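Descriptive analysis of the structure
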Amino acid sequence: MTAAARLLAAWQGFARALASVMPKGLYARSLLIVIAPMVLLQSAIVVVFMERHWNLVTFRLSNAVSQDIAALIDIHREFGADNAKLEEIARRRFGFEAELLPPGPLPSALPRPFFSLLDRAMSQEIGRMVTQPFWIDTVGQSDFIEVRIDLGDAVLRVVARRSQAYASNTHIFIVWMVGTAAVLIVVAILFMRNQIRPIMALADAAEEFGKGREVEFRPRGAREVRRAAYAFLEMKRRIERAIEQRTTMLNGVSHDLRTILTRFKLSLALLPDEPEVVDMAGDVNEMQRMLEAYLAFARGDSGEVAAPSNIPDLLDALRQDSERLGHETHVAYSGEPVATVRPDAFKRCLANLLNNALRHGRTIALEGSCDRKFLQIHVDDDGPGIPADQREEVFRPFVRLDAARNQDEGGTGLGLAIARDIARSHGGDIYLSTSPLGGLRASVRVPV
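Anyway, here's the lowdown on the structure attached to this text. (Residues numbered from 1 in each chain as written. Predicted model: local features only at pLDDT ≥ 70, side-chain atom pairs only at ≥ 80, totals over all residues. Heavy atoms only, no water.)

1. Notes on the sheet that holds strand β6 (residues 328–335)
Strands sit in the order β6-β8-β9-β11-β10 across an open sheet of five strands; the sheet is mixed. A strand with exactly one partner marks an edge of an open sheet, and here the two such strands are β6 and β10 (429–434). Along the sheet, successive strands turn relative to each other by an average axial angle of 15°, direction set aside. The sheet strands contacting helix α11 (residues 415–425) are β10 and β11 (440–447), and the helix crosses β10 at an angle near 130°. (Pairing = 2+ DSSP bridges. Helix = DSSP H or I, 4+ residues; strand = E, 2+ residues; numbered from the N terminus. Axes fitted to C-alpha atoms, helices over the stretch in contact; angles between N-to-C directions. Contact = heavy atoms within 4.5 Å.)

2. Considering the side chain of S322
By secondary structure assignment, the location of S322 is in helix α9 (residues 311–324). The exposure class of S322 is buried, given its relative accessible area of 0%. When neighbours within four sequence positions are excluded, S322 is seen to be in contact with H327, T329, L354, L358 and I364. (Buried < 20%, exposed > 50% of the residue type's maximum accessible area, 1.4 Å probe, protein only.)

3. Regarding α9
An ideal rise of 1.5 Å per residue puts 20 Å on 14 residues; α9 measures up with 20 Å between its terminal C-alpha atoms. The complete set of buried residues in α9 reads I311, L314, L315, L318, R319 and S322. Buried residues in α9, looked at end-on, bunch into an arc of 140°, giving them a common side. Of the exposed residues in α9, those oriented more than 90 degrees away from the buried face are D313 and R324. Buried residues along α9 sit against β5 (307–310), β6, β7 (338–341), α10 (343–360), β8 (363–370) and β9 (374–381). (Expected span 1.5 Å × (residues − 1). Arc of directions from axis to C-beta.)

This is how it looks when you write it as structure tokens:
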């Protein structure tokens, strides 16, 4: 592997690792885009300020104090100034206390503090300005610095204010910087939340429309978000208009066809009860049943409004229908009992699955569960089942499987297609699998 390939692989691995820890939501990512550069900029300013300004000012102040101490030593040596004279000069000219102590050893060296900028600066500058041994204490008294210098014949003790050798007001800059950054971050959070909220509203409206529910939605937010919202509303109106036109057309077709079938029935009713007439009447009834099934599939249940429905009661009603036909039926349900669906359409979806199970099995099981996200219903039977490679095929309209299901039962091949159409109009789907009873399991899963 070449060096370029290794570098590319390393970069891809780093990108994947970074993507795994990055937030997934648009709101969090937008805040990160705003806050991360601000934090990096502030950190760079602090580093530069600490390195270039704070350190420089502290060393300059420490150098000035060291020069004043060196001047006192020179005054003592050159002019033989006594203790009182040195104390007066130090207080009046330099602004700190000074006194001559009897000769003796200097105190033991103190441990350096963790943050030793002042200690390091004072030690360096005094060592450069004064050649005699010295002792320094920068932490004993928080507001003062004490320096002792061995002059041989005496010990010069100097007590200066900490502010004379240290940029003590530097923390004000950091406080202001952190404070303004915090205010800007709060403003960014509030502003970004207001910008993200219309996008979330648009996503919620699209999701509710996909579930077949009507929701109040008004475009708002930035220009691009409003444009996407108006496009969604226009798409929604076109879909509703197309469904309405199709429903109107199919209602007219069904009315015309029912009129013709009614004429056939009346004509047959006037004929004598002969075997041929009975067969023709059966064909007319079969034609009417198939027509109703086709129109139901083509029309769907788009006009019904979604509403909170009691799912256990719905399953119990289906159980009673199944037991009236002589089938042993078991019902089990867990979770939230109320879910928002189109009641009649959802009942028809489950009824089609149940009728499919009743035609091919003796024992039926209805099992339901509902959590915060999904409602799931299983319809199990102990029939012959459907081969795994043909389970998607049965959802096609007018498809009936000869080997798996008995075609003499009189189905039209639209039951599963209608059921899946209803499930998908709720934003869900239907899946087929092997039942614990040995036959087929049909699972309806829709969002709540």
